[in-house]
Amino acid sequence: MDDLPERQRVRRDLEKADRGALIGSIVSGVFGVAWAFWGSSGLPHVAALCTQLGATLLGLIIVIAALKRQAGIPRSDASRNRTLFSSRAYIVIVVAEVLAIVGGNVILTATGLDQIRIALVSAVVGLHFVVFGRLFWSGFYWLGAAMLASAAVGTAVGAIADDANLILVIVGFGSAVSLFVAATPALLRRVPADERARP
């Protein structure tokens, strides 16, 4: 038991890593805004503009809150040196994700199915979060499931209604909301009094 495999050790460290969780909140906030912008392209101009402004404001609040909280982590905290992004498995999974998105887009373009491009990207990103859940932290499971569900529901409803804009709106906003919600736990986590008092 003393020599744990790298995956188990990384998983254990990440469960305690405030810094890594806060970086995740920043990434989720930024990508949440991007998904909201993509989804808003299926709305009328005024509604799209209002949605984009609201999403940008929410993303800024998340990023600023995460940066402020991160600044309060003691420099001696071990979590400063261990994040998901420092794992070899993370790099492999992200490279596979990018290749799947690029390859899928080539196929969609060749088959004239461009209207489900957003669903493809959401499904691939959701799948990569499911793999993260297996390797790093179980909280990624629900985020991956939420994005996969957004892709499936958006595609199904859009196909039934024969409306590409519905696909954009459902998948884009479903993915954005999933990411915004995923960003909040690290921001709401209670910091023990003895850690707050540490220099």
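Residues numbered from 1 in each chain as written. Predicted model: local features only at pLDDT ≥ 70, side-chain atom pairs only at ≥ 80, totals over all residues. Heavy atoms only, no water.

K.L.:
I tried to follow the overall build of the protein chain on my own but got confused; where do I start?
P.N.:
The number of helices and strands found in the protein chain is eight helices and zero strands. Tracing the protein chain from N to C terminus, the helices and strands come up as α-α-α-α-α-α-α-α. Across the 199 residues in the protein chain, those meeting the buried criterion constitute 37%. In the protein chain, the share of contacts with a sequence separation of at least 24, taken over all contacts with a separation of at least 6, comes to 74%. (Helix = DSSP H or I, 4+ residues; strand = E, 2+ residues; numbered from the N terminus. Buried < 20%, exposed > 50% of the residue type's maximum accessible area, 1.4 Å probe, protein only. Contact = heavy atoms within 4.5 Å.)

K.L.:
Would you take a moment to explain the nonpolar core for this structure?
P.N.:
Counting residues in each nonpolar core, the largest one holds 28 residues, and the members touching the most others are Trp 35, Phe 129, Phe 132 and Phe 136. When near neighbours in sequence (up to four residues on either side) are disregarded, Phe 129 contacts Phe 140, Tyr 141, Leu 143, Gly 144, Met 147 and Leu 179. Listed in part, the six residues of the second largest apolar core include Ile 26, Ala 66, Ile 73 and Ala 186. (Core = buried A, V, L, I, M, F, W, Y, C linked by side-chain atoms within 4.5 Å.)

K.L.:
So what exactly am I meant to see when it comes to the packing of aromatic side chains here?
P.N.:
For the structure on display, the rule yields seven aromatic pairs. Consider the rings of Phe 129 and Phe 140, whose centres lie 5.8 Å apart with planes at 15 degrees: the pair is stacked. Here the residue Phe 129 occupies a position in helix α5 (residues 117–135), and Phe 140 occupies one in helix α6 (residues 139–161), the gap between them amounting to eleven residues. On the accessibility criterion, Phe 129 (11% relative accessible area) is buried. Taking relative accessible area as the criterion, Phe 140 reaches 16% and is therefore assigned buried. With a centroid separation of 5.5 Å and an interplanar angle of 65 degrees, the aromatic rings of Phe 132 and Phe 140 are classed as edge-to-face. Ring pairing ties together the aromatic residues Tyr 90, Phe 129, Phe 132, Phe 136, Trp 137 and Phe 140, which thus form one cluster. (Phe/Tyr/Trp six-rings, centres within 6.5 Å; stacked < 30°, edge-to-face > 60°.)

K.L.:
Help me understand a nonpolar patch on the surface in this model?
P.N.:
There is a patch of nonpolar side chains on the surface, built from Val 27, Val 30, Phe 31 and Phe 85 and spanning about 330 Å² of accessible area. Its place among the elements puts Val 30 in helix α2 (residues 18–40). (Patch = residues over 30% accessible without salt bridge, like charges linked within 9 Å, V, L, I, M, F, W, Y side chains within 5 Å. Areas by Shrake-Rupley, 256 points an atom, 1.4 Å probe, with all protein chains shown as cover. Salt bridge = Lys/Arg side-chain N within 4 Å of Asp/Glu carboxyl O.)

K.L.:
Where do I start with the environment of Ala 183 in this structure?
P.N.:
Mapped onto the elements of the fold, Ala 183 is located in helix α7 (residues 164–188). The class of Ala 183 is buried, set by a relative accessible area of 0%. With 155 residues separating them in the primary sequence, Ala 183 and Ser 28 have C-alpha atoms 5.6 Å apart.

K.L.:
Is there a simple way to think about the environment of Ala 100 in this case?
P.N.:
Mapped onto the elements of the fold, Ala 100 is located in helix α4 (residues 88–111). Its relative accessible area of 37% is what places Ala 100 among the partly exposed residues. Linking Ala 100 and Val 124, residues 24 residues apart in sequence, is a C-alpha distance of 7.1 Å.

K.L.:
Quick question: what am I supposed to make of helix α3 (residues 45–71) here?
P.N.:
In this model α3 runs 39 Å from its N-terminal to its C-terminal C-alpha over 27 residues, within 8% of the 39 Å that 1.5 Å per residue would give. Among all positions of α3, only Ala 48, Ala 55, Gly 59, Ile 62, Val 63, Ala 66 and Gln 70 are buried. In this fold, the buried residues of α3 make contact with α2 and α7. (Expected span 1.5 Å × (residues − 1).)

K.L.:
Please clarify how the pattern of salt bridges should be interpreted in this entry.
P.N.:
Should the charged atoms of two oppositely charged side chains come close, the side chains can pair. Evaluation of the coordinates by the stated rule reveals one salt bridge. Residues Asp 114 and Arg 117 are paired through a salt bridge, measuring 2.8 Å at the closest nitrogen-oxygen approach. Of the residues examined, Asp 114 reaches a relative accessible area of 38% and is grouped as partly exposed.

K.L.:
Would you take a moment to explain the packing of α2 against α3 for this structure?
P.N.:
Helix-helix packing is characterised by the crossing angle of the two axes and by the distance between the axes. Contact pair α2 / α3: the axes reach a minimum separation of 9 Å and the direction vectors enclose 175 degrees. With respect to their mutual orientation, α2 and α3 come out roughly antiparallel. Counted together, Arg 19, Leu 22, Ile 23, Ser 25, Ile 26, Gly 29, Val 30, Val 33, Ala 36, Phe 37 and Ser 40 of α2 and Ala 48, Thr 51, Gln 52, Ala 55, Thr 56, Gly 59, Ile 62, Val 63, Ala 66, Leu 67, Arg 69 and Gln 70 of α3 form the full contact between these two elements. (Axes fitted to C-alpha atoms, helices over the stretch in contact; angles between N-to-C directions. Parallel < 35°, antiparallel > 145°, perpendicular 65-115°, else oblique.)

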